[in-house]
Structure formats: structure tokens, C-alpha cells
Amino acid sequence: MGILNVTPDSFSDGGKFTDPAVSVERGREMAAEGAELIDIGGESTRPGAAAVPLQEELRRVIPVIEALSRTVAVPLSIDTSKAAVAAAALHAGATMVNDVTALRGDPEMAAVAARAKASVILMHMRGTPRTMQHRPRYRDVVADVMRWLREAAERAEAAGIARSRIFIDPGIGFGKTVTHNLEILRGLPQLVDVGYPVVLGASRKSFIGNMLDAEVDDRLAGSLACAAHAARCGVAIVRVHDVKPTVDLLRMIDAINNGTATHDARLMTHDQCQRQHVSRGSCVMGHGSP
């Protein structure tokens, strides 16, 4: 999943893609590099980020989704916690909602996703982006996050969202210390066993910078290490800024595991991913079985 932040203040690439034409070109580039999903967001969720008014978020994302839906063959995801933005994005051509509040931030979000038969990514977060890094504490971070995500997924199913369309994300960096993030990475096999395909978004995050003493633009090696670990653990989707290096990494893992190298990755359907996920296979989108 390629990250396309059309925001002025995202932690890594804020301000680079605020021009819709530049954003659309970057989306096309990511698809050409091998991204098999593109996640488009118009509101930064970095620690301490300010909320964005509804009309401004719509202004940022809808033209980009409309243009990309006509020009790329890969599915589009809308990264938002506002039901009105999700509804407009789904109408414009998106097919997935990536909600950092796990459908809790807006009481209409679950109904919007259910009516559109959209896939959803439910992410674990303590508090809000403005408060989440204020002394986060857990009794057992892996067990706590697993329990919370299982309950969130059950609520989504109860709201009418098909189980096969539900993905879970442990929320690396969202209300977690460096130690918590590392514990979650070590606990990915347990999270995969919860029974829903897992999404991991570790790309360029501050815990990598902390471990490697690296600024944002110098965290590729750490991001790739997280992606490789995720693939080994059976994670379904890796959400990344650096598409081509990650695709190359996953293709090489495929070659080592399967004995063949594929030059043309293809998207796994959610049902295929779900079936392979249940058998504990490596279900990184489009990169085959272990």
C-alpha cells in the first residue's frame, strides 16, 4: 500500500503533494512502481497534529481520487475518520476506508462503509493524534492491542461490514513508546492469529529514527526491515512511503521462498488474502504464498 499524503503537515512528506496534479502524478508513479493499493489522506495524524475542517479535507482528497480512479488500475483507499469524507471518496472511486479511530470517531462511519460494501482498516490508537503520545501505558501491549482490535472488528461486523472486508492495524506509533512498538513487531504472529488480515504501517516512523539515530529521510533500511519482518509473520498489507524498494524486497523474499522471481506482481483479492491468511501463509498483497 503506497502512502499518498495530500497534506501540508504530515510527518514525512508533508507539503510535497498538496498540488492535485503533483499528487495524481505521484499516485501513478506508485502504481507503476508496484503499489497494489494507494492510500490517500488529507488530514495529518502525526502526534500533535491539528484537526482539518471537513470542507478543506474534501478539497484536498476528492479531486485526487477522482483523477486516480480513472487512470490507475489499483484500488484506492481513503485515509479519514470523517464519514462525510469517506462517503464522498467512495463515490469518487475509492473502495477502502482506512480509519485511525476504528470507526469510533464518527458515529456514521460504520454505516457509510457498510452501505458502500467498502473494505475497512481498523487501527488501534489511544486517545487522539493530539493526545496519543502523552505517557502511553499498557499492562501487556500485545495482548491489550489484540483484545481491542478483536472487539473493534466485532463491532464492525455487527454494523453490517462483511468479515472478509475487515483488516486490522496495531497502530505502530499511535499511542506507543519505542518499546511498545518493538513489542508489537515481535508479537505480529499473535496478532495474525486474531483472524483478520493485518495491516502494518511502520514506514519512516520515529521509533526507527530513535533506534538507528536517523532522520526521516534516512529511515529506508529500518522501514525495509519492518516490511521483511511483516512478510515473514504473515501480515497482509504493508503501508509504505518507499514503494519500489519495498516491492523489490518482497519480490526477493518471494524468490527465496518459492524458488522463482515474478516480474509482474498482481493484486490478491481480499478473499484470496483472507483464505491464505487463515492458513498462516505470507499474505503480503500481490506477492504470493510462502
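A brief structural summary. (Residues numbered from 1 in each chain as written. Predicted model: local features only at pLDDT ≥ 70, side-chain atom pairs only at ≥ 80, totals over all residues. Heavy atoms only, no water.)

Of the regular secondary structure elements, the chain holds eleven helices and eight strands. The 290 residues of the chain split such that 57% are buried. For the chain, the proportion of contacts with a sequence separation of at least 24, taken over those separated by at least 6, is 67%. In the form shown here, the chain has an accessible surface area of approximately 12,400 Å², with 52% of it arising from carbon and sulfur atoms. (Helix = DSSP H or I, 4+ residues; strand = E, 2+ residues; numbered from the N terminus. Buried < 20%, exposed > 50% of the residue type's maximum accessible area, 1.4 Å probe, protein only. Contact = heavy atoms within 4.5 Å. Areas by Shrake-Rupley, 256 points an atom, 1.4 Å probe, with all protein chains shown as cover.)

This part is about the packing of helix 1 (residues 20-33) against helix 10 (residues 243-258). The geometry of helix 1 relative to helix 10 is characterised by a closest axis approach of 9 Å and an angle of 15° between their N-to-C directions. The angle between the axes of helix 1 and helix 10 places the two elements in the roughly parallel class. For helix 1 against helix 10, the interelement crossing comes out right-handed. In this structure, helix 1 contributes Arg26, Met30 and Glu33 to the contact, and helix 10 contributes Val243, Lys244 and Val247. (Axes fitted to C-alpha atoms, helices over the stretch in contact; angles between N-to-C directions. Parallel < 35°, antiparallel > 145°, perpendicular 65-115°, else oblique. Left-handed = near helix turned anticlockwise from the far one by under 90°.)

This part covers the environment of Asp254. Tracing the sequence through the fold places Asp254 in helix 10. Note: C-alpha distance between Asp254 and Ala231 (23 residues apart in sequence) is 9.6 Å.

Looking now at the packing of aromatic side chains. All told, the structure shown has zero aromatic pairs when counted by the stated rule. Its guanidinium or amino end placed over the ring of Tyr196, Arg163 lies 4.2 Å from that ring's centre, counting from NZ or CZ. (Phe/Tyr/Trp six-rings, centres within 6.5 Å; stacked < 30°, edge-to-face > 60°. Lys NZ or Arg CZ within 6 Å of the ring centre and 35° of its normal.)

All right, on to the packing of helix 5 (residues 141-158) against helix 6 (residues 178-186) then. Put simply, helix 5 and helix 6 touch, their axes get as near as 9 Å, and they point 70° apart. With respect to each other, helix 5 and helix 6 are oriented roughly perpendicular. Every pair of crossing elements has a handedness; the one defined by helix 5 and helix 6 is right-handed. Within the contact between the two elements, helix 5 uses Val141, Val142 and Val145 and helix 6 uses His180, Glu183 and Ile184. Classifying every residue of the contact of helix 5 with helix 6 by side-chain character gives four nonpolar, one polar and one charged. (Nonpolar A, V, L, I, M, F, W, Y, C, P; charged D, E, K, R; others polar.)

A separate point is the environment of Pro136. If you trace the backbone, Pro136 turns up in the loop between strand 5 (119-123) and helix 5. Separated by 40 residues in the primary sequence, Pro136 and Lys176 have C-alpha atoms spaced 5.8 Å apart.

Turning to unusual backbone geometry, a few remarks are in order. Phi is positive for Leu103, which is not a glycine, with a value near 75°. Mapping Leu103 onto the fold places it in the loop between strand 4 (96-99) and helix 4 (109-116). Phi angles above zero are rare outside glycine, and Asp213 is one such case at about 55°. Within the element layout of this structure, Asp213 appears in the loop between helix 8 (206-212) and helix 9 (220-233).

Moving on to the side chain of Ser77. Inspection of the secondary structure assignment puts Ser77 in strand 3 (residues 76-79). Taking the relative accessible area as the measure of exposure, Ser77 reaches 0% and is therefore buried. If near-sequence neighbours (up to four positions away) are discounted, Ser77 is found in contact with Met1, Ile38, Asp39, Ile40, Met96, Val97 and Asn98.

The subject of this paragraph is helix 9. Residue pairs three or four apart in sequence face the same way in an α-helix, which turns once every 3.6 residues. The terminal C-alpha atoms of helix 9 lie 20 Å apart, and with 14 residues this matches the ideal 20 Å at 1.5 Å per residue to within 8%. Three or more residues of helix 9 are buried, namely Gly222, Ser223, Leu224, Cys226, Ala227, His229, Ala230, Ala231 and Cys233. Looking at the buried residues of helix 9, the elements they touch are helix 6, helix 7 (188-192), strand 7 (199-200), helix 8, strand 8 (237-238) and helix 10. Positive backbone phi, at 90°, marks Gly234, one or two positions downstream of helix 9. (Expected span 1.5 Å × (residues − 1).)

The first and last C-alpha atoms of helix 2 (residues 54-71) sit 26 Å apart over 18 residues, in line with the 26 Å expected at 1.5 Å per residue. Roughly 25° is the biggest bend found in helix 2, and it falls at Val61, with proline Pro63 one to four residues downstream. Burial in helix 2 covers these residues: Glu57, Leu58, Arg60, Val61, Ile62, Val64, Ile65, Ala67 and Leu68. Turning to helix 2, the residues buried within the fold contact strand 1 (2-5), helix 1, strand 2 (38-41), strand 3 and helix 3 (83-92). (Bend = angle between axes of the 7 residues up to and from the residue.)

Burial along strand 6 (residues 166-169) is two-sided: Ile166 and Ile168 facing one way and Phe167 and Asp169 facing the other are all buried. Bridge count between strand 5 and strand 6: four bridges; the pairing is parallel. Bridge assignment links Leu122 to a residue of strand 6, and that residue is Ile168. (Pairing = 2+ DSSP bridges.)

On to the nonpolar core. Core analysis: the largest hydrophobic core is formed by 73 residues, its most contacted members being Ile40, Ile65 and Leu122. The element contributing the most residues to this core is helix 5, with nine residues. Sequence-distant contacts of Ile40, defined by excluding residues within four places in its chain, comprise Leu4, Val6, Val61, Val64, Ile65, Leu68, Leu76, Ser77, Ile78 and Asp79. (Core = buried A, V, L, I, M, F, W, Y, C linked by side-chain atoms within 4.5 Å.)

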